[in-house]
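Working through the structure, step by step
Listed below, chain by chain, are the residues.
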Amino acid sequence: FKQRWGIDESRVRFIPFYATLPTGLPSEPADEKYVFAGGNTHRDYGLLVEAAEGLDVPVRIASSWAPSRPVPGNVTVGPVPQDEYNRLMAGATVVVVPLVRRPRSVGQQTYLSAMRLGKAVIVTDAPGVRDYLVPGQTAVVVDSDPGALRDAIKWALDPANAQVVQLMAERGRRAVEEHYLPRHYFLRLWEAA
C-alpha cells in the first residue's frame with residue numbers, strides 16, 4: 001500500500017486472512033492419488049499443466065481457466081460447484097497453488113484451507129506467500145518454473161518422503177488452527193480498530 005498508493009506506513013496494518021473451508025469435511029485422501037488445484041484469481045495454470053506433463057498422477061484443476069492448447073491426458077480442467085470444489089480438495093493427496101506474480105497477495109483461501117485439511121501444499125512464490133507460509137516447514141514454496149514445480153510434486157508424492165511430508169502437513173494444519181481462523185482475523189481487526 002505504501003508503494004502503490006503512497007499511504008504512510010504508520011497508517012497500514014497487516015491483518016492476515018483466514019481459512020474459509022467449511023468444517024466437517026473429511027480430510028483423508030481418496031483411494032486414487034491425485035493433485036488438486038483450484039481458484040481463479042491470478043493463477044498460473046499454464047505452469048501447472050506444463051509441470052504435469054510426464055507425471056503419472058491425475059491433476060484436477062477446478063477453475064474457469066481455459067487452456068490455450070490441449071492439456072496432457074492426466075490433466076482435467078473445468079469449473080465445479082463449491083461443494084464439489086471442497087470435496088476435491090478434501091480428497092486430494094497434494095494441493096498446488098500456482099500463482100502469477102502480481103503486486104497483490106492472492107491464493108490464501110486455497111492454501112490455508114488445504115493446510116487446515118492437513119494436505120501437503122505446494123505454492124509458487126509470489127507476494128504475500130511468505131506472510132503465511134514457512135517454506136519447508138508448513139508448505140513447499142517453489143519458483144515459477146515448471147521443472148521446479150514438477151520436482152516438488154514428485155517429492156511430495158514419493159513414498160520415501162511420506163514421513164517428512166506428513167510432518168510438514170501437520171505443521172501447516174497447526175499453523176492454521178493457531179493463527180488463521182476467522183476468530184483470529186476478527187480479533188486482529190478489533191485490535192486494529
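Residues numbered from 1 in each chain as written. Predicted model: local features only at pLDDT ≥ 70, side-chain atom pairs only at ≥ 80, totals over all residues. Heavy atoms only, no water.

1. Some words on the sheet that holds strand β3 (residues 75-78)
Read across the sheet, six strands follow the order β3-β2-β1-β4-β5-β6 without closing on themselves; strand pairing throughout is parallel. With partners counted over all chains shown, the strands left at the sheet margins are β3 and β6 (140-142), one partner each. Each adjacent strand pair in this sheet contributes to an overall mean axis angle of 20 degrees, direction not counted. Most of the contacts of helix α2 (residues 45-52) go to strand β2 (residues 59-62), to which it runs at about 170 degrees, and overall it touches β1 (35-38), β2, β3, β4 (94-97) and β5 (120-124). In the packing of helix α3 (residues 82-91) onto the sheet, the strands contacted are β1, β2 and β4, and the crossing angle to β1 comes to about 145 degrees. (Pairing = 2+ DSSP bridges. Helix = DSSP H or I, 4+ residues; strand = E, 2+ residues; numbered from the N terminus. Axes fitted to C-alpha atoms, helices over the stretch in contact; angles between N-to-C directions. Contact = heavy atoms within 4.5 Å.)

2. Things to note about the environment of L55
Mapping L55 onto the fold places it in the loop between α2 and β2. As for L55 and D145, which are separated by 90 residues in sequence, their C-alpha atoms are 15 Å apart. Not counting residues up to four positions away in its chain, the partners in contact with L55 are N74, R150, I153 and K154.

3. Concerning the pattern of salt bridges
According to the stated counting rule, one finds six salt bridges in the structure shown. Among the salt bridges present, the one from E53 reaches R69, with a minimum N-O distance of 3.8 Å. Highlighted residues: E53 in the loop between α2 and β2 and R69 in the loop between β2 and β3, separated in sequence by 16 residues. What makes E53 partly exposed here is its relative accessible area of 36%. Taking the shortest distance from any N to any O, the salt bridge between R116 and E177 comes out at 3.1 Å. Taken as a pair, R116 in helix α4 (residues 108-116) and E177 in helix α7 (residues 162-179) lie far apart in primary sequence, 61 residues in all. On the basis of relative accessibility, which here comes to 21%, the residue R116 falls in the partly exposed class. Each member of the salt-bridge network shares a partner with another, and the members are E170, R173 and R174. (Salt bridge = Lys/Arg side-chain N within 4 Å of Asp/Glu carboxyl O. Buried < 20%, exposed > 50% of the residue type's maximum accessible area, 1.4 Å probe, protein only.)

4. With respect to the pairing of β1
The alternating pattern of β1 places V35 and A37 on one face and F36 and G38 on the opposite face, and all of these are buried. Alignment of β1 against β2, held across four bridges, turns out to be parallel. Counted as the bridge partner of V35 is V59 from β2. Handedness of the crossover is the feature at issue here: the chain leaves β1, passes through α2, returns alongside β2, and the resulting connection is right-handed. (Right-handed = clockwise from strand over helix to strand, strands pointing away.)

5. Here's the deal with the packing of aromatic side chains
Counting across every chain of the model gives ten aromatic pairs. Where F17 meets Y18, the ring centres are 4.5 Å apart and the plane angle is 25 degrees; that geometry is what we call stacked. With relative accessibility at 17%, the residue Y18 sits in the buried group. Ring centres of F17 and Y185 lie 5.6 Å apart, and the angle between their planes is 75 degrees; on these two criteria the pair is classed as edge-to-face. Taken together, the residues F17 in the loop between α1 (2-5) and β1 and Y185 in helix α8 (residues 182-192) connect sequence positions 168 residues apart. In this structure Y185 comes out as buried when scored by relative accessible area, which is 17%. An aromatic cluster is built from F14, Y111, Y132 and Y180, whose rings are joined through pairwise contacts. When the ring centre of Y34 is taken as reference, the NZ or CZ atom of R60 above it lies at 4.2 Å. (Phe/Tyr/Trp six-rings, centres within 6.5 Å; stacked < 30°, edge-to-face > 60°. Lys NZ or Arg CZ within 6 Å of the ring centre and 35° of its normal.)

6. Re the packing of α4 against α7
For any two helices packed against each other, the geometry is given by the interaxial angle and the distance between the axes. Taken N-terminus to C-terminus, the directions of α4 and α7 make an angle of 110 degrees; their axes are 7 Å apart at the nearest point. With respect to α7, the axis of α4 lies roughly perpendicular. By crossing handedness, the relation of α4 to α7 is classed as left-handed. Contact with α4, carried on its side by L112, M115 and R116, involves A169, G172, R173, V176 and E177 of α7 and no other residues of that element. A class-by-class count of the residues in the contact of α4 with α7 yields four nonpolar, one polar and three charged. (Parallel < 35°, antiparallel > 145°, perpendicular 65-115°, else oblique. Left-handed = near helix turned anticlockwise from the far one by under 90°. Nonpolar A, V, L, I, M, F, W, Y, C, P; charged D, E, K, R; others polar.)

Just distances and angles here, no functional claims.
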